[in-house]
Amino acid sequence: TFGDRMLKSSSVDSLETQHVMTINGTILKTCVLGLFTALTFVYSWGLLLSGYADKAILLYHGGLFGGLILALIICFAPKNQSLIITTPLYAMCEGLMLGYISALINKIYPGVASQAAIGTMFALFGMFFLYKTKLVRATETFKMVIFNSTFAIFCIYMLQLILSFFHISIPAIFSNSPIGIGFSLVVVAVASFNLIIDFDNIEKFSGQFNKNYEWYFGFSLLVTIIWMYIEILNLLAKISSRNN
């Protein structure tokens, strides 16, 4: 009957929906990745504070290079079920790196790590509010400006990395001078606005890709959050060093 055909069609659509990317599924995957990051963050932090600096440094380097390799694999490899393994591993590597850096800076400037974490959460929810209320729209012009700004910052960091091998530093912008603090503020702003693009991508591609992409877009959002946390931590460290 017509009713039976409609019921069967509805069941098929429901079954197909279970295998496509959804916004709620992506949010859940992002939270899972955040949990993995937090667990290794706490472990690495605890190692350094407990006096196991050698082990903490070793895990820091493992997390740094392991995270870089995994990020390349996640970005360029096929988006299949391997993401279920590679994205949590990436999150754990980042946690090991962040835990060591945060504990080290927090020993020098007590309280900056917790302030950076709170600042990151405020920025995350603040950008989400701006996105949902459409006060900031992810237009093509907006995306181009943010992309170009992000690429310019990346080039500056790569140049500084190359110069560091010759014991040279780019003047002012990496110091605690007003110019250095201003540069960090700009970088924090650019990192924050990248969240708008992440939110837009998740909403735009929901229902169009298979469910494995929930891990991929969760990874993308986590990368932005981690970058934003590092930049806020760096900014607070610069400000704290001026007060000491």
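Residues numbered from 1 in each chain as written. Predicted model: local features only at pLDDT ≥ 70, side-chain atom pairs only at ≥ 80, totals over all residues. Heavy atoms only, no water.

## Some thoughts on the pattern of salt bridges
This structure, assessed with the given rule, holds five salt bridges. Among the ionic pairs, Lys143 bridges to Glu140, the shortest N-O distance being 4.0 Å. Residue Lys143 and its partner Glu140 are both found in helix H6 (residues 140-164); the two are separated by three residues, about one turn of the helix. On the accessibility criterion, Glu140 (58% relative accessible area) is exposed. A salt bridge links Lys143 to Asp200; its shortest N-O distance comes to 3.0 Å. Of the two residues, Lys143 sits in helix H6 while Asp200 sits in helix H7 (residues 178-205), which places them 57 residues apart along the sequence. Look at Asp200 and you get buried, because its relative accessible area is 13%. Salt bridges sharing partners connect three or more residues here, namely Glu140, Lys143, Asp200 and Lys204. (Salt bridge = Lys/Arg side-chain N within 4 Å of Asp/Glu carboxyl O. Helix = DSSP H or I, 4+ residues; strand = E, 2+ residues; numbered from the N terminus. Buried < 20%, exposed > 50% of the residue type's maximum accessible area, 1.4 Å probe, protein only.)

## Remarks on the environment of Asn106
Relative to the helices and strands, Asn106 resides in helix H4 (residues 83-108). The spacing of Asn106 and Asn80 is 26 residues in sequence and 39 Å in space, taken between C-alpha atoms. Not counting residues up to four positions away in its chain, the partners in contact with Asn106 are Trp45, Gly111, Val112 and Ala113. In terms of polar contacts, Asn106 uses its side chain to reach the backbone amide nitrogen of Val112, at 3.3 Å. Only 3.2 Å separates the side chain of Asn106 from the backbone nitrogen of Ala113, close enough to count as a polar contact. (Contact = heavy atoms within 4.5 Å. Polar contact = N/O pair within 3.5 Å; in protein donor to acceptor, adjacent residues only side chain to side chain.)

## As for the layout of surface pockets
The space that makes up the largest pocket amounts to roughly 2500 Å³. Those elements that place two or more of their residues in the lining of the largest pocket are helix H3 (53-76), H4, H6, H7 and helix H8 (213-243). Take the lining of the largest pocket: its biggest share by element is 16 residues, from H8. Grouping the amino acids of the lining of the largest pocket by side-chain chemistry returns 34 nonpolar, eleven polar and five charged. The calculated volume of the second largest pocket comes to roughly 810 Å³. Along its surface, the second largest pocket is lined by 27 residues, and Thr30, Met121, Leu124, Leu221 and Ile225 are the ones closest to its centre. Of all elements in the fold, only helix H2 (23-49), helix H5 (112-132), H7 and H8 reach the threshold of two or more residues within the lining of the second largest pocket. Looking at the lining of the second largest pocket, its residues break down into 20 nonpolar, five polar and two charged. (1 Å grid on protein atoms, 1.4 Å probe; cavity = no way out; pocket = protein on both sides within 12 Å on 5 of 7 lines; lining within 4 Å. Points joined across faces, edges and corners; volume = space filled by probe spheres on them. Nonpolar A, V, L, I, M, F, W, Y, C, P; charged D, E, K, R; others polar.)

## Let's talk about the environment of Leu83
Assignment of secondary structure puts Leu83 in helix H4. It is 9.4 Å that separates the C-alpha atoms of Leu83 and Ile73, two residues lying ten residues apart in sequence. When sequence neighbours within four positions are dropped, the list of residues in contact with Leu83 reads Ile74, Pro88, Asn212, Trp215 and Tyr216.

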